Amino acid sequence: MPIASLRNCTKRYPGVVALSGASFAVEAGEVRALLGKNGAGKSTLIRMLTGAEAPDEGEVLINGEPLMQSGSLRAAESFGRGVRVVYQELSLVPGMSIAENLFLGRWPTGGGVIRSKEMEAQTRRALGLLGLDLAPSRLVETLSSAERQLVEIARVLLGEPKLVILDEPTSSLAAAEADKVIEAVQRIAERGIGVVYVSHRMDEIRRIARSATIVRDGRIIDTVDVGSADTREIVRLMLGTEAENAASPVSVARERTVLGVEGLALSPKLENVSFDLREGEVLGIAGLLGSGRTELLQAIMGIRHPEAGVIRVDGVEVGRPDFRAMVHRGFGYTPENRKDDGIIPLLGVDENAVASDFGKVESAGILSAPKIRAAAEAVIQRLHVKTPRSDTPIGTLSGGNQQKVVIGRWVHADSRILLLDEPTRGVDVEAKAQIYAIIRQLAAEGRSIIFVSSEVEELPLVCDRVAVLRDGRLREEFHTPNIDQDALMAACIDAH
Amino acid sequence: MPVETGGVAAPAASRSRRFSQHMNELSLFAAIVVLYVVFGSMADGFLSFNNQINILRDAATIGIAAWAATLIIIAGEIDVSVGPMVAFISVALAYMLQGGIPTPLAFVAAILVGAALGSIAGVLRAYFDVPSFVATLGLWSALRGTALFVTDALPVSIGRNDIVDALDRSVFGIPPAAIVMLVLFAIFAFVSRKTAFGRSVFAIGGNAQAAYLSGIPVARIRVALFAIGGAMAAVSGILLLSRLGSGNATAASGLEFDVIAAVVVGGTALSGGRGSMLGTLLGVLVITLIGNGLVLLGINPFFQQVVRGVIIVVAVLANIQAIKRSRA
């Protein structure tokens, strides 16, 4: 009897069918990989199992009994039957001990006093199950990121878990660190606990899972035997057959190299990264979450300081990159996390756009309102920003429009080398298409662009060339018009 | 929420938005009117010309420091060193004048010393990540201590000095301190709205990481802010010296809290990113009016502090409610 199963579950959200007639079952002691690109329906499937949401049709069975409750009681019901989730974002309190974190908010007390002996004993047991020898009194802030992830896993082992769901537990870890997590998952399964393992790293999946379920467009496409299926086959199932390549861009890249990177190393993510970027070229960097894409851009911009490597701009070596100095050299950078690092929500579109170069909108050191308006209008028009007024607070715009302003900031500053980290993340379809067009237009003007993306579908639409970042190095390279989604995805997830 | 505003709704929405932008200033203005009506009808002599001049002079003590504090708080920082800085500068200036340094030169030196001392806190904050509260708390203690130590808590007399005396003589009935305050207000209001420096301050307070990634020199601006804070405290110190005729290590006690109260009553968010100079001007007036009116009402000085505390909290509370309601 499966420990958890979905029977013909359908879940609709306004405008989308997130899950459509899905049936799925996990046995005790089994590790089941769950594969699918972003938005395929993996998260919805997980929310069905945890009772965070109820299906519109169909039923969810845990231990052979259907979940009956609705609302917040449903999650409690599922939890009570032993379903636990480890999420990808870490949720530990750094200044507290491992034991305190494990029991966060549920500390065992006697007469209002926390019984630390008992708490530490239970913590030691939970850590032992994962093969970890850490003192329960150690503060979480002294742990490595792999150890923190393991503490997160240990947290779900308290009580009597029946099914443990891990959502990309290794995405923030380097390959060597990830091994510890994989071993821990194997130990969990050996104890007869069912495991649902979401990851895109095929080498990991091959090591711990026997079968993989592939989700696409809200449907369970297939459950394959990991041992006999090859990576290309799995990629084909993930992307579907409809993925015929749309019109490839026409390269306008010139011969002149504007940026050269050689032997860049930034432990633990980047080992030895080398590439050239030419004038007017759009270079895509593909790679999984956590493959070091962001670190690469930040090292070039001087936000992080690499341990080794040479960066050349126009053939001249940059001594020690410093963010503002790189901006003066003509670089622009849009961060991956738009809300936290990109926008200043209370300020208007205009001030967000001109912040990269106030000098352009000053007369004699004083900001000129007409110049600001003109500069903001120019950005708004060129990048098709939808905003009621040029001084509307940027926090009130949609994500796509915010992103256009963040890119427009560097257009205002006349940057000639743009480093865009996931510019289409959290952006609607129409805005995505507009951002692609904007990037091509900027390239046509002779600007050089590095376009980082984890969505392999969009890279062939925008890039002249795509390099795949995996295990700290740029592995394979694809040139337009021969950038093939399937090959790209296979290069991202496979480690041989 | 995504904004896809059509042509019809936009004008009304933006009008109410502009109204809500000024809701803060409007409600403060209303509070000032209420204070005038209450004190005017209850306290004898509150409305007299002389008392109005007194209010202006008292306002200058808080106001000059409050202009700089507004920028510091908008940038998401805090400066609690104001009172001791004012007292320290007045003492240092008194010694300089005693030592025969020409008065204008001594003034310039005092302002530079204030800026240098302030920038210590700025450097600690910007380059060493010491929280600005702690950095300025250190200054607060060290400056007060130094001033008391060297003077033995006794006033440092400067004797006759024409320039210093002139600073305390009214021009057409208006005290120079008030004029200095208003001129500085105009400069700060202008800088905060119309210069790259001023807008960068808002950007840093709104999202420091995004400001840095836009190429704004965040660290340098933070140092500059605390240097300006020190310089403005020095200006207050000069005016204090002219008013008392001596440098005084025990003066301006608790001024920093009046300054912060004025800025906060003026609607500037302690979390940074939001605030206005006009709001602070009105906040300074509210704080000063309360102090002045309570004295004239003859309320027990200990109890005055209670009333003042309650009024400050109620003013901020009413302001927050008014802004919330106008947004809803």
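Residues numbered from 1 in each chain as written. Chains lettered and ligands numbered in written order. Predicted model: local features only at pLDDT ≥ 70, side-chain atom pairs only at ≥ 80, totals over all residues.

1. Describing the overall build of chain B
Looking only at helices and strands, one finds 14 helices and two strands in chain B. For 328 residues, the compact-globule estimate of 2.2 N^0.38 gives 20 Å, and the C-alpha radius of gyration of chain B, at 21 Å, lies within 12% of that figure. Along the first, second and third principal axes, the C-alpha atoms of chain B reach 70 × 55 × 35 Å. Residue burial in chain B is summarised as follows: out of 328 residues, 48% are buried. (Helix = DSSP H or I, 4+ residues; strand = E, 2+ residues; numbered from the N terminus. Rg over C-alpha atoms; globule rule 2.2 N^0.38 Å. Buried ≥ 20, exposed ≤ 12 C-beta atoms within 10 Å, placed from the backbone.)

2. Concerning the domain arrangement of chain A
For interface size, the figure often reported is the accessible area lost on association. Residue and element names in this part refer to chain A. Looking at chain A, the domain boundaries give domain 1 (4-239) and domain 2 (257-493). Taking the mean C-alpha position of each, domain 1 and domain 2 sit 34 Å from one another. Across the contact, 16 residues belong to domain 1 and twelve residues belong to domain 2. Sort the elements by how many residues they give to the side of domain 1 that touches domain 2 and helix α8 (residues 231-239) lands first, with six residues. Grouping the amino acids of the side of domain 1 that touches domain 2 by side-chain chemistry returns seven nonpolar, five polar and four charged. (Domains from an automatic or database assignment. Contact = placed C-beta atoms within 7 Å. Nonpolar A, V, L, I, M, F, W, Y, C, P; charged D, E, K, R; others polar.)

3. Section: the sheet that holds strand β15 (residues 282-286) of chain A
Neighbouring strands of a sheet are bound in pairs by backbone hydrogen bonds; such pairs are parallel or else antiparallel. Residues and elements named next belong to chain A. Read across the sheet, six strands follow the order β18-β21-β22-β15-β23-β24 without closing on themselves; strand pairing throughout is mixed. Two strands close off the open sheet at either side, each with one partner strand: β18 (331-334) and β24 (473-479). Pairwise comparison of adjacent strand axes, ignoring direction, gives a mean angle of 20 degrees for this sheet. Pairing geometry for strand β23 (residues 465-470) and β24, over five bridges, is antiparallel. Bridge assignment links V466 to a residue of β24, and that residue is F478. (Pairing = 2+ DSSP bridges. Axes fitted to C-alpha atoms, helices over the stretch in contact; angles between N-to-C directions.)

4. Thoughts on the interface of chain A and chain B
The interface of chain A with chain B comprises 30 residues on the first partner and 25 residues on the second. For the side of chain A that touches chain B, the secondary structure elements donating two or more residues are α10 (323-328), α11 (338-342) and β20 (366-367) of chain A. Across the side of chain A that touches chain B, the residue classes break down as 15 nonpolar, seven polar and eight charged.

5. Considering the pairing of strand β16 (residues 308-313) of chain A
Residue and element names in this part refer to chain A. Sheet topology places strand β13 (residues 257-266) next to β16; five bridges connect them, and they run antiparallel. Bridging across to β16, V261 finds its partner in I311. Count of turn residues in the β16/strand β17 (residues 316-318) antiparallel hairpin: two residues, of which D314 carries a positive phi of about 55 degrees.

6. Concerning the nonpolar core
Counting 252 residues, the largest nonpolar core has Y197 and L488 of chain A together with A65 and V286 of chain B as its most contacted members. When residues of this core are assigned to their parent elements, the largest contribution, 17 residues, is made by helix α11 (residues 218-244) of chain B. Taken together, domain 1 (4-239) and domain 2 (257-493) of chain A each give at least three residues to this core, which thus spans both. When sequence neighbours within four positions are dropped, the list of residues in contact with L488 of chain A reads A286, V456, L459, V466, V468, F478 and I483 of chain A. (Core = buried A, V, L, I, M, F, W, Y, C linked by C-beta atoms within 7 Å.)

7. Examining the packing of helix α12 (residues 255-265) of chain B against helix α13 (residues 277-296) of chain B
All names here are of chain B. Where α12 contacts α13, the axes come no closer than 7 Å and their chain directions differ by 125 degrees. Here α13 runs oblique to α12, going by the angle between their axes. In the packing of α12 onto α13, the handedness of the crossing is right-handed. On α13, the residues that touch D258, A261, A262, V263 and V265 of α12 are T280, G283, V284, V286 and I287. Split into classes, the residues belonging to the contact of α12 with α13 amount to seven nonpolar, two polar and one charged. (Parallel < 35°, antiparallel > 145°, perpendicular 65-115°, else oblique. Left-handed = near helix turned anticlockwise from the far one by under 90°.)

8. With respect to helix α15 (residues 429-444) of chain A
All names here are of chain A. When the terminal C-alpha atoms of α15 are compared, their 23 Å separation across 16 residues agrees well with the 22 Å that a helix rising 1.5 Å per residue should span. Of all the positions in α15, only A431, K432, Q434, I435, I438, I439, L442 and A443 are classed as buried. Summarising the contacts, the buried residues of α15 are in contact with β15, α14 (399-412), β21 (417-421), β22 (448-453) and α16 (459-462). (Expected span 1.5 Å × (residues − 1).)

9. A closer look at the sheet that holds strand β12 (residues 219-225) of chain A
Residue and element names in this part refer to chain A. One open sheet holds the six strands; their spatial order is β6-β9-β10-β3-β11-β12, and the pairing between them is mixed. What marks the edges here is a single partner per strand, and that holds for β6 (83-86) and β12. Neighbour to neighbour, the strand axes of the sheet diverge by 20 degrees on average, direction disregarded.

10. Considerations on unusual backbone geometry
Residue and element names in this part refer to chain A. In this structure, P268 follows S267 across a cis peptide bond, with omega equal to 0 degrees. Looking at the element boundaries, P268 is found in the loop between β13 and β14 (270-278). Of note, the bond from T480 into P481 is cis; its omega dihedral lies within 30 degrees of zero at 0 degrees. Phi at A364 takes a positive value of approximately 50 degrees, unusual for a residue other than glycine.

11. Quick look at helix α4 (residues 82-98) of chain B
Residue and element names in this part refer to chain B. Between its terminal C-alpha atoms α4 stretches 24 Å, which fits the 24 Å expected from 17 residues at 1.5 Å a residue. Counted residue by residue, α4 has 15 buried out of 17 residues, so it is predominantly covered. Count one or two residues on from α4 and you reach G100, which has phi positive near 85 degrees.

12. Focus on the confidence of the model for chain B
Residues and elements named next belong to chain B. Overall, the predicted model of chain B reaches an average pLDDT of 89, with 93% of residues at or above 70. For the stretch residues 1-14, pLDDT sits under 50, and the model shows 14 contacts to residues farther than four places along the chain or on other chains. Here the complex is predicted with pTM 0.78, and the ipTM for its interfaces comes to 0.73. (pLDDT = per-residue confidence, 0-100.)

13. Side note on the packing of helix α2 (residues 23-42) of chain B against α13 of chain B
Residues and elements named next belong to chain B. At a closest axis distance of 10 Å, the pairing of α2 and α13 adopts a crossing angle of 15 degrees. Between α2 and α13, the interaxial angle falls into the category roughly parallel. Remark: the crossing between α2 and α13 carries left-handed chirality. Contacts from N24, E25, L28, F29, A31, I32, L35 and F39 of α2 reach α13 at L278, G279, L282, G283, L285, V286, L289, I290, G293 and L296. Classifying every residue of the contact of α2 with α13 gives 13 nonpolar, four polar and one charged.

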